[in-house]
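Each chain, letter by letter, is given below.
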Amino acid sequence: MKKIIFLTAWLFAVTACKTVQAPPPPETIQEERMPYFKGNGNEPFWNISISEDAIRFESLLSGFESVTAPSVAPVKAMDANVKMYRAHTENIDIQIQIEQAECVNSMSGAASPYAVTIEIKRKTDKDATILKGCGAYLTDYRLYDIWALEQLNGQKVTLADFGKELPIIEINSQTNTFIGFAGCNQMNGRLFYEKNTLRFTNVTTTRMACGPKNKEGEFLKALQSATGYEIKNNRLWLSNPSGLLLVFKKID
């Protein structure tokens, strides 16, 4: 009888292990909540972070020491790089304007590429408190790697398209710079990054003469035409509104 009870309990435990899903690892949770924009200001001190799941505001203002609101999609201006977030909690309304404009921290003197304006108030308040500061987008850390070209304008590339080596690009997401080989010449440049937007700018190359069949020119044109990206299956996919332009494979 004891053997039957033990066997029944063992079978129940095995079944439970098969049907109950384990929670995601901490790395997955952290990645989902990682902010893509951060801003701060002084007098009084405040900071803000925006991620896919939440907008978090902290300050030295009485009543607004720590505010967390569900993330919302921004409203974009038609004629300028300005985004407006309007978020709400049960008791507080907060509006965040992010404008692409050089901004200098009033205390540290550090320059940032975006100016931030916060309007925050309780629902019972008549007027909002207005705060100004600076901020920046946090470039996707997954871009930090070495990538080798696999596809160009929908076609798989071979050595015959470039000669001895395929184009390679090494991205530094901390400094928003890149270096690499374009198929004939060495190249370098800068990244412009915002949420879901990636552009390769200020591209310069050496001036070695290339063969008539070398597709370096086509590659550089596609690279500088890219505005969006996706990372999946160890590959970097670059595209623009017209379609897919380039596919790279991670090699580092």
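Here the residue numbering is sequential within each chain, running from 1 through the sequence in written order. Only residues with pLDDT of at least 70 get local features here, since the model is predicted, and only at 80 or more are side-chain atom pairs given and counted; chain-wide, interface and lining totals rely on the full set of residues. For the side-chain quantities, the full set of heavy atoms in the structure was used; hydrogens and water were omitted.

Novice: Would you mind showing me how to read the nonpolar core here?
Specialist: If you look at the biggest cluster of nonpolar residues, it comprises 52 residues, and the most contacted ones within it are F57, I118, F219, L238 and L246. Excluding residues that lie within four positions of it along the chain, F219 makes contacts with L149, L152, F162, P167, A182, M187, L246 and F248. Take the buried residues of types Ala, Val, Leu, Ile, Met, Phe, Trp, Tyr and Cys, join any two whose side-chain atoms come within 4.5 Å, and each joined set is a nonpolar core. Throughout, exposure labels follow a simple rule: accessible area from a 1.4 Å probe, protein chains only, divided by the maximum for the residue type, with under 20% read as buried, over 50% as exposed, and the rest as partly exposed. In this analysis, two residues are considered to be in contact whenever any of their non-hydrogen atoms come within 4.5 Å of each other.

Novice: Quick question: what am I supposed to make of the environment of D140 here?
Specialist: Only DSSP runs of H or I covering at least 4 residues are called helices, and only runs of E covering at least 2 are called strands; the numbering of each starts at the N terminus. Checked against the element boundaries, D140 lands in the loop between β9 (129-137) and β10 (145-152). Remark: the alpha-carbon pair of D140 and S173, spanning 33 residues in sequence, is separated by 6.8 Å. A distance of 2.8 Å separates a polar atom in the side chain of D140 from a polar atom in the side chain of Y229. The definition of a polar contact used here is a pair of N or O atoms within 3.5 Å, where within protein one atom must be able to donate a hydrogen and the other to accept one, and adjacent residues in sequence count solely through side-chain atom pairs.

Novice: Before we go on, may I ask you to explain the state of the cysteines in this structure?
Specialist: Here is the idea: a disulfide is a covalent bond, and it sits between the sulfur atoms of two cysteines. Two cysteine sulfurs form a disulfide in these notes if their separation is within 2.5 Å. Taken as a whole and assessed by the stated rule, the structure comprises two disulfides. In this model, C103 is linked to C134 through a disulfide, with the two sulfur atoms separated by 1.9 Å. Residues C103 and C134 share a disulfide whose torsion about the S-S bond is about -70 degrees; that sign makes it left-handed. A residue pair is termed long-range when its members are at least 10 positions apart, and C103 in strand β7 (residues 92-104) and C134 in strand β9 qualify at 31 residues. As far as the burial class goes, C103 and C134 line up, both buried.

Novice: Before we go on, may I ask you to explain the sheet that holds β7 in this structure?
Specialist: Sheet strands associate in pairs through backbone hydrogen bonding, adopting either a parallel or an antiparallel arrangement. By definition, two strands form a pair when at least two bridges between them are found by DSSP. Spatially, the nine strands line up as an open sheet ordered β4-β3-β2-β1-β9-β8-β7-β6-β5, and their pairing is antiparallel. With partners counted over all chains shown, the strands left at the sheet margins are β4 (66-70) and β5 (75-76), one partner each. Sheet topology places strand β8 (residues 111-122) next to β9; seven bridges connect them, and they run antiparallel. The residue of β9 that forms the bridge with I118 is L131.

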